[in-house]
Amino acid sequence: MSTETSPEPDPAPEADARRCGWIAIVGRPNVGKSTLLNALVGQKVSITSNKAQTTRHRIHGIRTVGSTQFVFIDTPGFQTRHAAALNRTLNRTVQGVLADVDLVLFVVEAGRFGLDDAKVLSLLAAAGADAPPVVLVANKLDAVHRRAELAPWLKGMQERHPFAEYVPLSARRDADVQRLLGILEPYLPQQDWFYDEDALTDRSERFLASEIVREKLFRLTGDELPYTSTVVIDSFQEEGELRRIAASIVVERDAHKGMVIGDRGAMLKRIGTEARQELERLTGGKVFLELWVKVRSGWADDEEHLRSYGYE
Ligand SMILES: Nc1nc2c(ncn2[C@@H]2O[C@H](COP(=O)(O)OP(=O)(O)OP(=O)(O)O)[C@@H](O)[C@H]2O)c(=O)[nH]1
Ligand SMILES: [Mg+2]
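These numbers were taken from a predicted model, which means no experiment stands behind them.

Peer 1: Summarise the overall build of the chain; cite the residues concerned and give the values.
Peer 2: Summing up its helical and strand segments, the chain has 10 helices and nine strands in all. If you take every contact in the chain between residues at least 6 apart in sequence, the share linking residues at least 24 apart comes to 71%.

Right, here's the structure in full:
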C-alpha cells in the first residue's frame, strides 16, 4: 500500500473557474461614464444626459458573462469647480470607491486631456503602491475625425501614467464594449460571484424611478435649469404588476418652478409622460406617476438636506 497521500480532489470546476470583481468607472463630468456602464451591463441602470454632473450616486451595474461576473461602479464626475456641499459629497463618493476596487476605468474623451481630467488622474496616482491597476478608456472615438492624431495622443498618455491598458472606443458601439469586457476579465480575481447571475444593479426600482424622472427633467428643460434640482420619491406602491409612484421635483427658486411646470403645465406633463413610459418598459407593468414641484432654497448646500434626499 502506498503511503503517498493523494492530492485533494478538485473543487467543482465551475466554482473554481469563476471570477468576480469590482471595477470603478471614474473621470471628469460628461465623458460618458454612465453611457459606458449601461452599455457594459446591457441595460440602462444609470441615467445619462449632455449636462455635466448628471450622476450623483454610486451605482453598481452587474454583468455576468460565462464564468465571470463584472461589478461596475458608476461614480459622479469628479468636481473641481464648485465647493458646495453637494460637490463635497460627490467627491467623497468617488474617493471612497477607489480604495476598495480591483480595477479602475479612467474615462476620458479620445484625443482630449484637460485640466479637469488631470485632476482626476492625480487623485488616482496619489492612491499609492497598493492602488488597483488603471485602464485608460478613451471614449467617444466616433467623434474623433482626425484618427492620425490619436496615436501620438495615446503615446502622450503613456507618459502621464503607467496605465495597465489603453482602450480607445465608443460606448455607443456594441462591438467595442464587448471587446472591453474581454480586456478586463483577466484583471478580476478568481472567486465566487457576489450577485445572482441575472442581477443587473444593486439599486431598487424606487431609486431608479427617482433617477429616471431626474433624467427627463434634465434632458427636457435644457440648460436653463440649474443642476441643483433634484427628485424625491414621496410614495412608491406595488400592486402586482402595477406601480403607483408620487414624486416631487425639488428646485431652489420660484423661477425654476415655473420653468419645470412650463406653459400651462406642458413641461411637467412631458417629463411625467416620458418618465412613465420608460418606467413601464423597465418594470414590464403599468405605472401611475404623479409629479409635484416644490421650492426648497439652499438644499444643495445643506448637508442635512442632502442626507434626507439620499446622498451619502
Ligand atoms: N459621440 C459620443 N457621445 C457619447 C459617447 N458616450 C457618451 N456620449 C454622450 O456624452 C454625454 C455624457 O454622457 P454621460 O454618460 O451622462 O456622461 P458621464 O461621464 O456619466 O457624466 P456625469 O455623470 O455628469 O459625470 C451624453 O450626451 C452621451 O450621449 C460616445 O461614445 N460617443
Ligand atoms: Mg454619469
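Peer 1: Go over the sheet that holds strand β1 (residues 19-26), please, and point to the residues and values.
Peer 2: Here we have six strands laid out as an open sheet, ordered β2-β3-β1-β4-β5-β6, and mixed in their pairing. Lying at the two open borders of the sheet, with one neighbouring strand each, are β2 (59-65) and β6 (165-168). With strand direction ignored, the average angle separating the axes of adjacent strands in the sheet is 25°. Note: β1 against strand β4 (residues 103-109), four bridges, orientation parallel. Note that in β4 the partner of Ile-25 across the bridge is Leu-105.

Peer 1: Which residues make up the site of ligand 1, and what values do they have?
Peer 2: Around ligand 1 sit 24 residues, and of these Gly-32, Ser-34, Thr-48, Thr-55 and Gly-77 come closest. Counting residues per element, the shell around ligand 1 draws most heavily on helix α2 (residues 33-41), at three residues. Considered class by class, the residues forming the shell around ligand 1 number six nonpolar, 14 polar and four charged.

Peer 1: Residue-level account of the sheet that holds strand β7 (residues 230-239), with values.
Peer 2: An order of β7-β8-β9 is seen for the three strands of this open sheet, with the pairing classed as mixed. Here the strands that pair on one side only, and so sit at the sheet edges, are β7 and β9 (287-295). Between one strand axis and the next, the sheet turns through 15° on average, direction left out of account. With nine bridges connecting them, β7 and strand β8 (residues 242-251) associate as antiparallel partners. Its bridge partner being in β8, Thr-230 is matched across the sheet by Val-250. Those strands touched by helix α7 (residues 205-221) are β7 and β8, and its axis lies near 135° from that of β7.

Peer 1: Hey, could you go over the confidence of the model for the chain for me, with residue numbers and the actual values?
Peer 2: Within the chain, residue pLDDT values average 87, and 85% of them lie at 70 or more. For the chain, the element scoring lowest by mean pLDDT is helix α1 (residues 13-17), at 65; helix α6 (residues 174-184) scores highest, at 98.

Peer 1: How would you explain the pairing of strand β5 (residues 134-139) if you had to name every residue and give the values?
Peer 2: Counting buried residues along β5, six of its six residues qualify, which places the element largely inside the surrounding structure. Judged by which residues are buried, β5 turns out to be covered on both faces: Val-134, Leu-136 and Ala-138 on one side and Val-135, Val-137 and Asn-139 on the other are all buried. Pairing of β4 with β5, which is carried by six bridges, proceeds in the parallel orientation. Across the sheet, Val-107 pairs through a bridge with Val-137, a residue of β5. With four bridges connecting them, β5 and β6 associate as parallel partners. Bridging from a neighbouring strand, Val-137 pairs with Val-167 of β6. For the crossover from β5 across helix α5 (residues 150-160) to β6, the handedness is right-handed.

Peer 1: Account for the environment of Ser-235, with residues named and values stated.
Peer 2: Note on placement: Ser-235 falls in strand β7. The exposure class assigned to Ser-235 is exposed, which follows from the 10 C-beta atoms found within 10 Å. Ser-235 sits 10 residues away from Ile-245 along the chain, and the two C-alpha atoms are 5.7 Å apart.

Peer 1: If you had to explain the nonpolar core to someone new, which residues and values would you point to?
Peer 2: Within the largest apolar cluster, 39 residues are counted, with the highest numbers of intra-cluster contacts made by Ile-23, Ile-25, Leu-105, Phe-106, Val-135 and Val-137. Broken down by secondary-structure element, the contributors of at least two residues to this core are β1, α2, β2, β3 (68-74), β4, α4 (115-125), β5 and α6. If one sorts the elements of this core by residue count, β4 sits on top with six residues. Setting aside chain neighbours within four positions, we find Ile-25 in contact with Lys-33, Leu-36, Leu-37, Phe-72, Ile-73, Asp-74, Thr-75, Leu-105 and Val-107. Within the second largest apolar cluster, 19 residues are counted, among which are Ala-209, Leu-217, Val-250 and Leu-289.

Peer 1: If you had to explain the environment of Ser-46 to someone new, which residues and values would you point to?
Peer 2: Tracing the chain through its elements places Ser-46 in the loop between α2 and β2. Ignoring sequence-local partners within four residues, the contact set of Ser-46 consists of Ser-34, Leu-37, Asn-38, Thr-55, Ile-59, Gly-61 and Asp-74.

Peer 1: Break down α7 for me, citing the residues and quoting the values.
Peer 2: For α7, with 17 residues, the first-to-last C-alpha span of 24 Å sits near the 24 Å given by 1.5 Å per residue. By the criterion of burial, α7 is predominantly enclosed, with 12 of the 17 residues buried. Among the residues of α7, those classed as buried are Leu-208, Ala-209, Ser-210, Glu-211, Ile-212, Val-213, Arg-214, Glu-215, Lys-216, Leu-217, Phe-218 and Thr-221. In this fold, the buried residues of α7 make contact with β7, β8, α8 (254-261) and α9 (266-283). Gly-222 sits one or two positions beyond α7 and adopts a positive phi of about 70°.

Peer 1: Break down the packing of α7 against α9 for me, citing the residues and quoting the values.
Peer 2: The contact between α7 and α9 brings their axes to 9 Å, and the two run at 140°. Taken together, α7 and α9 sit at an angle that is classed as oblique. When the axes of α7 and α9 are compared, the crossing they make is right-handed. Only Met-267, Arg-270, Ile-271, Glu-274, Ala-275, Glu-278, Leu-279, Leu-282 and Thr-283 of α9 make contact with α7, whose side of the interface consists of Glu-205, Leu-208, Ala-209, Ile-212, Val-213, Lys-216, Leu-217, Leu-220 and Thr-221. Here the contact of α7 with α9 is built from residues that sort into 11 nonpolar, two polar and five charged.

Parameters at a glance
- Residues numbered from 1 in each chain as written.
- Chains lettered and ligands numbered in written order.
- Predicted model: local features only at pLDDT ≥ 70, side-chain atom pairs only at ≥ 80, totals over all residues.
- Helix = DSSP H or I, 4+ residues; strand = E, 2+ residues; numbered from the N terminus.
- Contact = placed C-beta atoms within 7 Å.
- Pairing = 2+ DSSP bridges.
- Axes fitted to C-alpha atoms, helices over the stretch in contact; angles between N-to-C directions.
- Near = placed C-beta within 6 Å.
- Nonpolar A, V, L, I, M, F, W, Y, C, P; charged D, E, K, R; others polar.
- pLDDT = per-residue confidence, 0-100.
- Buried ≥ 20, exposed ≤ 12 C-beta atoms within 10 Å, placed from the backbone.
- Right-handed = clockwise from strand over helix to strand, strands pointing away.
- Core = buried A, V, L, I, M, F, W, Y, C linked by C-beta atoms within 7 Å.
- Expected span 1.5 Å × (residues − 1).
- Parallel < 35°, antiparallel > 145°, perpendicular 65-115°, else oblique.
- Left-handed = near helix turned anticlockwise from the far one by under 90°.

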